[in-house]
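One-letter residues, chain by chain:
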Amino acid sequence: MSPASPFDLLDLGALLDEEERQVQAVVRRLVADRVRPHVAEWYEQGHVPVRELAREFGALGLLGMHLTGYGCAGSSAVAYGLACLELEAGDSGVRSLVSVQGSLAMYAIWRYGSEEQKRRWLPPMAAGEAIGCFGLTEPDHGSDPASMATRARRDGGDWVLHGGKMWITNAPVADVAVIWARTDEGVRGFAVPMETPGVSVREIRRKMSLRASATGEISLDEVRLPADALLPDAAGLKAPLSCLTEARHGIVWGALGAARDCLETTLAYATSRTQFGRPLAGFQLTQAKLADMAVEWQKGLLLALHLGRLADAGKLRPEQVSVGKLNNVREALAIARQCRTILGANGVSGEYPVMRHANNLESVLTYEGTSEIHQLVIGQRLTGLSAFA
Ligand SMILES: Cc1cc2nc3c(=O)[nH]c(=O)nc-3n(C[C@H](O)[C@H](O)[C@H](O)COP(=O)(O)OP(=O)(O)OC[C@H]3O[C@@H](n4cnc5c(N)ncnc54)[C@H](O)[C@@H]3O)c2cc1C
């Protein structure tokens, strides 16, 4: 799957077509040149040059790459997944920048926006010149967005938004936020320019995870918007949930990138570090760990590829994405933690990427639906009973 990875035991790379391989190789090179040399420092400082990276990613067609028209690349879902995998092999925060821009903010406008909104926002967002964010979570409403408190009311021809959104990726640097709010007609979405009076952002600091990602809290204080800020085709909670399904597909692949980077780092370490007169990799217990992790990683990749092919055939259902998100993030986190044990004390050092990936995956486990929420989605499908309410 990744051409050079010894962990592709099953030769899954052979299941990719030429274009998919090329996309993977290009993103891998980009990550090697632009992310790997700097990411440990970004992580330590809790600061990432989002605008600079977005322009470079935009130039390569990575932003909204699976969307069509309006400057978007129109790639397959599998190619997009492979791009997410390679980006997250660099860092989950960097992949989050691309996921939120393309699968959440751009997708919402592309799928539910008016022609004018699409023309206004999508080309600069695809080019990385405008940054988008997606505000669904609130301080008091995370897993249960149906209870959201942010309200939008009509006032003459305008809309007035009041409330707040929490844990919003890209918010501190965004030009536009897709904000979901309760109205008399149910949940509706709005494209909100961040310079609108009444919008303010506080950057969330002291994260111990996803530190190479800008996260913010958005306050909406009687924000007056023209009627054309409403996304006309988004009615009800199923609209933001459909955006989450898009983004979760990228995560199914992305988490495997973080896991692969842990595995490759660990294999190199275990073959070069000697204890008791032999390399760590020569101990049966180390080999058992490596073998089990490799098997899980390959199973995750098969799952991602299957879901990607379903998406390209237009047949992917939300609960199938839940299977992928639940399994692949859970297994990637288990791999990262196990790899850390093989690196011993060096496993906790920022000189190696393993602990950074493990910490990042804690956020990935929580956002875009926690593991428990995906279990409930799958449970509902199996039993016909909703355990949410
Ligand atoms: C770094 C980061 C970036 C994020 N970026 C964004 C973003 O860009 N946009 C956005 O809108 N949101 C974003 N989020 C928010 C994220 O989607 C939420 O954190 C997530 O949905 C969980 O909500 P919560 O944190 O409020 O946890 P809660 O909903 O309070 O859940 C806490 C715990 O209770 C469990 N739980 C909740 N309900 C049930 C139930 N019915 N049954 C069993 N267990 C349950 C959960 O699984 C979890 O373990 C981000 C989060 C992080 C950490």
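Predicted model only: the values in this text are computed from it and were never measured.

A word on the pairing of strand E7 (residues 215–225)
Point 1. Strand direction decides the pairing type here: strand E3 (residues 158–169) and E7, joined by 8 bridges, are antiparallel. Residue pairing in the sheet places Trp-159 in a bridge with Leu-225 of E7.

Topic: the pattern of salt bridges
Point 1. Taken as a whole and assessed by the stated rule, the structure comprises 25 salt bridges.
Point 2. Among the salt bridges present, the one from Arg-21 reaches Glu-18, with a minimum N-O distance of 3.4 Å. Taken together, the positions of Arg-21 and Glu-18, both in helix H1 (residues 18–35) and 3 residues apart, correspond to about one turn of that helix.
Point 3. Of the residues examined, Glu-18 reaches a relative accessible area of 49% and is grouped as partly exposed.
Point 4. With a closest N to O distance of 2.7 Å, Glu-319 and Arg-317 form a salt bridge.

A look at helix H6 (residues 115–126)
Point 1. Compared with the 16 Å implied by 1.5 Å per residue over 12 residues, the 16 Å span of H6 between its first and last C-alpha is a close match.
Point 2. Considered for burial, the residues of H6 that qualify are Gln-117, Lys-118, Trp-121, Leu-122, Met-125 and Ala-126. Each buried residue of H6 lies within a common arc of 120° when the element is viewed along its axis, so the set occupies one face. Facing away from the buried side of H6 by over 90 degrees, the exposed positions are Glu-116 and Arg-119.
Point 3. Elements in contact with the buried residues of H6: helix H3 (50–59), helix H5 (92–112), strand E1 (132–135), strand E4 (176–183), strand E5 (186–193) and strand E8 (230–235).
Point 4. After H6 finishes, the residue Gly-128 shows a positive phi value of roughly 80°.

Side note on the site of the ligand
Point 1. Inspection of the region around the ligand gives 16 residues, with Thr-137, Ser-143, Trp-167, Thr-370 and Glu-372 positioned closest.
Point 2. Between a nitrogen atom of the ligand and a main-chain N or O atom of Trp-167, the distance comes to 2.7 Å.
Point 3. In this structure, Thr-169 approaches the ligand through a side-chain N or O atom, which is 2.8 Å from a nitrogen atom.
Point 4. Burial of the ligand by the protein amounts to 67% of the accessible area it has alone, namely 970 Å².
Point 5. Broken down by secondary-structure element, the contributors of at least two residues to the shell around the ligand are E3, helix H10 (354–366) and helix H11 (371–383).
Point 6. Of the residues forming the shell around the ligand, the biggest block, 3 residues, is contributed by E3.
Point 7. Here the residues of the shell around the ligand sort into 7 nonpolar, 7 polar and 2 charged.

Brief notes about the nonpolar core
Side chains of a nonpolar character, in soluble globular proteins, are inclined to be buried together.
Point 1. Counting residues in each nonpolar core, the largest one holds 98 residues, and the members touching the most others are Phe-57, Phe-134, Trp-180, Leu-231 and Trp-253.
Point 2. Ranked by residue count, the leading element in this core is helix H7 (residues 238–272), at 15 residues.
Point 3. Those residues in contact with Trp-253, other than ones at most four positions away along the chain, are Val-78, Gly-81, Leu-82, Cys-84, Leu-85, Leu-301, Ala-304, Leu-305 and Gly-308.

Notes on H1
Each α-helix winds once per 3.6 residues, and so residues spaced three or four apart point in a common direction.
Point 1. The terminal C-alpha atoms of H1 lie 25 Å apart, and with 18 residues this matches the ideal 26 Å at 1.5 Å per residue to within 8%.
Point 2. Along H1, the positions that sit buried rather than exposed are Glu-20, Val-23, Gln-24, Val-27, Leu-30, Val-31, Arg-34 and Val-35. Taken down its axis, H1 places every buried residue within 130° of arc, on the same side. The exposed set on the far side of H1, more than 90 degrees from its buried face, consists of Arg-29 and Asp-33.
Point 3. Those residues of H1 hidden inside the fold are in contact with helix H2 (39–45), H3, helix H4 (77–90), H5, H7 and helix H8 (284–312).
Point 4. Capping the start of H1, Asp-17 holds a side-chain oxygen 3.1 Å from the backbone nitrogen of Glu-19, two or three residues further along.

Calculation rules
- Residues numbered from 1 in each chain as written.
- Predicted model: local features only at pLDDT ≥ 70, side-chain atom pairs only at ≥ 80, totals over all residues.
- Heavy atoms only, no water.
- Pairing = 2+ DSSP bridges.
- Helix = DSSP H or I, 4+ residues; strand = E, 2+ residues; numbered from the N terminus.
- Salt bridge = Lys/Arg side-chain N within 4 Å of Asp/Glu carboxyl O.
- Buried < 20%, exposed > 50% of the residue type's maximum accessible area, 1.4 Å probe, protein only.
- Expected span 1.5 Å × (residues − 1).
- Arc of directions from axis to C-beta.
- Contact = heavy atoms within 4.5 Å.
- Near = heavy atom within 4 Å.
- Polar contact = N/O pair within 3.5 Å; in protein donor to acceptor, adjacent residues only side chain to side chain.
- Areas by Shrake-Rupley, 256 points an atom, 1.4 Å probe, with all protein chains shown as cover.
- Nonpolar A, V, L, I, M, F, W, Y, C, P; charged D, E, K, R; others polar.
- Core = buried A, V, L, I, M, F, W, Y, C linked by side-chain atoms within 4.5 Å.

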